[in-house]
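# Structure at a glance
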Amino acid sequence: MNANDDRDERGPEGALRDEDPSESRGAGREAAAAAGGSGAGDGARGGERAGGAPDDEERGAAEDDGDAAGEDDAPPAAPPPARGPSMWDILRDSFFTFDRRTLGFTRILLGFFLIGDLFRRTWAWTDMFADIGVLPNHVNLWRPQGSGNFSLVNAFSTSGELWVLWVVIFATYVCLLIGWKTKLMQVLSLVFVTSMNGRVLLIENGGYVVHNLLLLWTCFLPLGDRFSLDALLASMKRSRERTADDLNDRTTIDDPLKPNDFVTVLGPVLLIQISAIYFFNVVHKTGPAWKNGTAIHYVLYVDRMVTPIVADIRDYAPKFLILFMTKMVIAFEAAMPVCLLSPLGRVWARRLALVMMNILHIGFGTTFVLGPFAWALCVFSTLLFGREDWEIAARTMRRAHRARVVLFDPRSPGAVLACRVLKRMDRFGLLTFEASSAAAHGLAVRRPDGAPVEGAGALADIVAAIPLGPVVAWMLRLPLVRDAATAAMAAAHRRSLGRALGARIPERSEVAAPPAPLRLAGRKTLAVFRELAVLAMFAGAVNQAAVELWVIKNRWKVPHPEETRVLAQKLRFLQGWFMFSPNPVMDDGTIVVDAVTVDGRHIDPFTGKPPNFDLLHAKSFAYSQIWCDYFARIKLPANTSYRDAMKEYMYRYPERTGRPEDAIVSGDVYWVKDWNPKWGQTESYGEERERLFSFHNPKAQARAQAEPPGAPAQPSENPAN
C-alpha cells in the first residue's frame, strides 16, 4: 500500500470543521492576535472592520448628538485613569509565581541529576543494600538507625532483587526526564530517593537531606506542563491538524487552561527553604578559621573528602586565593537569602542568587565528594528562572536565518505526523508548513533564497530551527550520517512506515472542546488539597528547624509534636543546616583494617591492598562519598551495634574476589587520623592510631589449622562469625 491510499477523497480542505475553513481559522487567528495584546485601539479598529462602515442614518444620528453636545457646552469625558498593579499583583509576581517553562526545564535537569546519582550509587549498590553488604536489611529492621524512618529498599534482600529494583528506578528516572506520566514519576522518584537515602543512615549527610527536599517540594509542581511527552501528547489530542493552514496556526499548541504563569503558595515556601539553607549555614560558621579566612585551607587537606586532582594542586594555592575563597563563601551564603527574599529589583536579585548558587556549588561538587549536596542545589537554583529570562533566551537563541518552509506530502501519514510534532517543537516560529505532493521522501525544505533541500540536509535544517536544535543538527551533515539518514527517510517513505506504525491522517481538523464543568471543579479541588499539603509540610519543616538548629534550640525549648515530627522525619525531611560549622574539619582520618588471610597475607578487605597506615603522605583516599561517610560513622561508639555486620562483610571478602585463599582468619580494625597542615604549611602532623576492635573468623581459623602450610587452597564455605 502506498501513500496515495491514505489520501482523503475530499482533499485536505474537505476534511476541516463543519463551518467554512477559511472563516473558522481566520477568526481563530484574529482572536489569538487580540488576546496576545493588540491593544484597545486595535480591538476597536477590528470591530469597525467586522461591522463595516456606518450607514447614513447612523452618521446623521451621530452628527445630531455632536451638535447637541456642542450647544450644551458639555466638556468631553475624561479617560479613566490607568490602574497600576495592586499589592497582590506585586506579591504574586514576586513570590508566588513560577513560569511553567522553568518547571519543564527543571524537570529535565532533575532527570539527568537523578540518573547520575543512581549511577553514583551503583558501585556500592549491593555493598550498602544487600543482605551480603555492610548493613543487611534484617539488621536494619531489628536495630533501626533512625526514629522510625521509612525505606522501601528494606523489602529487597538479595543481589538479584536489588538489581531488578535498580532497573525499575532507572526506568522511572528516564520517564521523568522525558516527561511521560510525569506526576506519577515525580511521586515514585520521591519514594525511591527517600528510601535509598534512608536505608543506611551511616552514609547520610546534608546532601541527602537536600536531595530529599528537592524531590519533596518539586513533587507539588506541574513539571510536565512544558517540554514533556505528556504536554506533546495532550496538545496533539487537543488539536488535530490536517492541512498546512492548520499546521501554521500556533494558537492551539499550549493548553489555554495552563498559562505560563503558575501561581502557588509553594513559591514563598521554596524561597524560604533555600534561604534557610544558606542563612543558617553562615550563622553557624562562628569559628576562628572562618573569621580569619583560613577555613578553605583546612578543608582542602581532608583527604577522605577531597578529589585526587585537587589533592595534587592544593600545595600550590597562594595564600591570597585561600583567603579570597573563604570570604567569598561567607559572602555568597550571606547574600543569597537577601537576594531570594527581596521584592526590590526582583529580576536581577534572582539572577544574582542563581549565579552565586551555581558558582558556589559547582566549585564544591568538583572539589569534594559530598554526595548529592552540590548538584541538588544547582537543580534547585533553576527554579529561579523567570518570565524575563525566557524572553531574553528566546531573543538570543532565535535566528531568523534558520527560518525554513517545510514541504510535506499531505497524503503521507508519517509526514503529516512529523509536521504535527514539529509544530509543537517549533517554539521560535521559524518553520512554515506547505503541502506539496512532490516533496522528496515525504519531507523537504525550501530555504529563504528559494533553494530546495531534501533528505538529511532538509532534516538538518528542520532540526536547526527548533530550540537547541543546532547542538545536534550538525551531526546530520556528516558524510556517513547524512547518507544513512537520507536512505532511512527514503525507505520509510517508500514503505509507508508511518502508516505501518499506526500513524493516521486525522479525518477532520478539529480542536477539542474545553473540559466539562465537573472536571474543572475536580481540578480546583485537587489544587486546594495540594496547597493545604504544602502548608502542612511547611509547618513540619519549621518545627523541625526549631528543634534541630543550634541557634534556636540552644536558646528556646520548642515542643516537637508527634504530628510534625512524623511529617519531617518519616522520610528524612530534616532541617539541620550547619555544614563545616562552627569550624571546618581540621583533622583527617579513615578506617584501616589489618586482616590476616588463610595463607598468612595481611590485607585490607575494603581496598584489596595491604593495610596502609601512612596518612601523613596521603594525597586523597579517592573514596566515594558513600565509603567516606561509612568509615567516619562506624568508628563512633553509638554505632558499635552495627560492627558485627561489618565483620560479616569482611568475612565474605573471598566471595567478592573469587579467590578461596583470600579467606580472612582474623584482624584488627583501626581508626587512623592526623591533623591537617597548619596555616601556611603543607605537611600534615600528629598521626594517631586507635584500635576500634579485633575479630576472629572461627571457620577460617579451623581451616587454616587443618591445612598444612603450602597446601593448595580449598573452596571455603560461607563463613560465620
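Per chain, the residues get numbers from 1 upward, laid out in the order the sequence is written. Where totals are concerned, whole chains, interfaces and linings use all residues; where local detail is concerned, this predicted model gives features only for residues with pLDDT of at least 70, and gives and counts side-chain atom pairs only at 80 or more. Values shown for side chains rest on all heavy atoms present in the structure; no hydrogens or waters enter the calculation.

### Comments concerning the environment of Asn 583
- A run of H or I in DSSP becomes a helix once it reaches four residues, and a run of E becomes a strand once it reaches two; helices and strands are each numbered from the N terminus. Its place among the elements puts Asn 583 in the loop between helix H28 (562–569) and strand S9 (587–597).
- Separated by 298 residues in sequence, Asn 583 and Lys 285 have C-alpha atoms that sit 6.3 Å apart.
- Setting aside anything within four residues of it in sequence, one finds Asn 583 in contact with Gly 287, Pro 288, Ala 289 and Trp 290.
- Side-chain atoms alone can form a polar contact between residues adjacent in sequence; in general such a contact is a pair of N or O atoms within 3.5 Å, and within protein one must be able to donate a hydrogen while the other accepts it. Among the polar contacts made by the side chain of Asn 583, one reaches the main-chain amide nitrogen of Ala 289 at a distance of 3.2 Å. Pairs of residues are marked as contacts when any of their non-hydrogen atoms sit within 4.5 Å.

### Structural notes on the sheet that holds S9
- Spatial ordering of the open sheet is given by S10-S9-S11-S12, a layout of four strands whose pairing is antiparallel. Each of the sheet's edge strands pairs with one partner strand only, and the pair in question is strand S10 (602–603) and strand S12 (685–696).
- Angles here are taken between N-to-C directions and fall from 0 to 180 degrees, while the axes themselves are lines fitted to C-alpha atoms, restricted in helices to the stretch in contact. Helix H30 (residues 643–651) contacts S9, strand S11 (664–675) and S12 of the sheet and is inclined by roughly 80° relative to S12. By this definition, two strands are paired if DSSP reports at least two bridges between them.

### Concerning the sheet that holds strand S7 (residues 452–454)
- One open sheet holds the four strands; their spatial order is S5-S4-S6-S7, and the pairing between them is mixed. Sheet topology places strand S5 (431–435) and S7 at the edges, where each strand pairs with a single neighbour. Here the average twist between neighbouring strands, direction ignored, is 30°.
- Bridge count for strand S6 (residues 443–446) against S7 is three bridges, and the pairing is antiparallel. Paired with Val 445 across the bridge in S7 is Val 453.
- Along the sheet, helix H22 (residues 455–465) makes contact with strand S4 (404–408), S5, S6 and S7, crossing S7 at roughly 105°.

### Observations regarding empty space enclosed by the protein
- Two kinds of site are reported from a 1 Å grid over the protein atoms alone, namely cavities, where a 1.4 Å probe fits but cannot get out, and pockets, open sets with protein on both sides within 12 Å along at least five of seven lines, and residues are called lining when an atom falls within 4 Å of a point. Grid points are joined across faces, edges and corners, and a volume is the space filled by probe spheres set on the points. The final tally for this structure, using the stated rule, is two cavities of 30 Å³ or more.
- The calculated volume of the largest cavity comes to roughly 100 Å³.
- Along the walls of the largest cavity sit 14 residues, with Lys 285, Val 329, Glu 333, Phe 364 and Phe 580 positioned nearest its centre.
- Listing elements by their share of the lining of the largest cavity, those giving two or more residues are helix H13 (266–283), helix H15 (295–300), helix H17 (319–341) and helix H18 (346–367).
- Three classes are used: nonpolar for Ala, Val, Leu, Ile, Met, Phe, Trp, Tyr, Cys and Pro, charged for Asp, Glu, Lys and Arg, and polar for all others, with Gly counted as polar. Taken together, the residues that form the lining of the largest cavity break down as ten nonpolar, two polar and two charged.
- As a volume, the second largest cavity reaches approximately 40 Å³.

### Considerations on the packing of aromatic side chains
- Each pair of aromatic rings taken from Phe, Tyr and Trp, with Trp reduced to its six-membered ring, is defined by centres within 6.5 Å and is described as stacked if the planes are under 30 degrees apart, edge-to-face if over 60, and tilted in the remaining cases. Considering all chains together, one arrives at 24 aromatic pairs under this definition.
- Relative to Tyr 630, the ring of Trp 627 lies with its centre 5.8 Å away and its plane at 90°, an arrangement referred to as edge-to-face. Taken as a pair, Trp 627 and Tyr 630 lie in helix H29 (residues 625–634) at a separation of three residues, close to a single helical turn. Accessibility classification places Trp 627 together with Tyr 630 in one group, the buried group.
- We note Arg 351 situated over the ring of Trp 348; from NZ or CZ to the ring centre the distance is 4.6 Å. Think of it in three bands: with a 1.4 Å probe and only protein chains considered, a residue is buried below 20% of the maximum accessible area for its type, exposed above 50%, and partly exposed in between. Over a ring means this: the NZ of a Lys or the CZ of an Arg is within 6 Å of the ring centre and within 35 degrees of the ring normal.

### Structural notes on the confidence of the model for the protein chain
- pLDDT is a residue-level measure of predictor confidence that goes from 0 to 100. Confidence along the protein chain averages 87 in pLDDT terms, with 86% of residues attaining 70 or more.
- Scored below 50 in pLDDT, residues 1–72 makes 49 contacts in the model with residues more than four places away or belonging to other chains.
- The low-confidence segment residues 713–721 (pLDDT under 50) makes 27 contacts with residues lying over four places distant or belonging to another chain.

### A look at the layout of surface pockets
- A volume near 1000 Å³ is recorded for the second largest pocket.
- Lining the second largest pocket we find 34 residues, and of these Glu 204, Asn 205, Gly 206, Asp 629 and Arg 633 sit closest to its centre.
- For the lining of the second largest pocket, the element with the highest residue contribution is H29, accounting for four residues.
- For the lining of the second largest pocket, the per-class residue count stands at 17 nonpolar, seven polar and ten charged.

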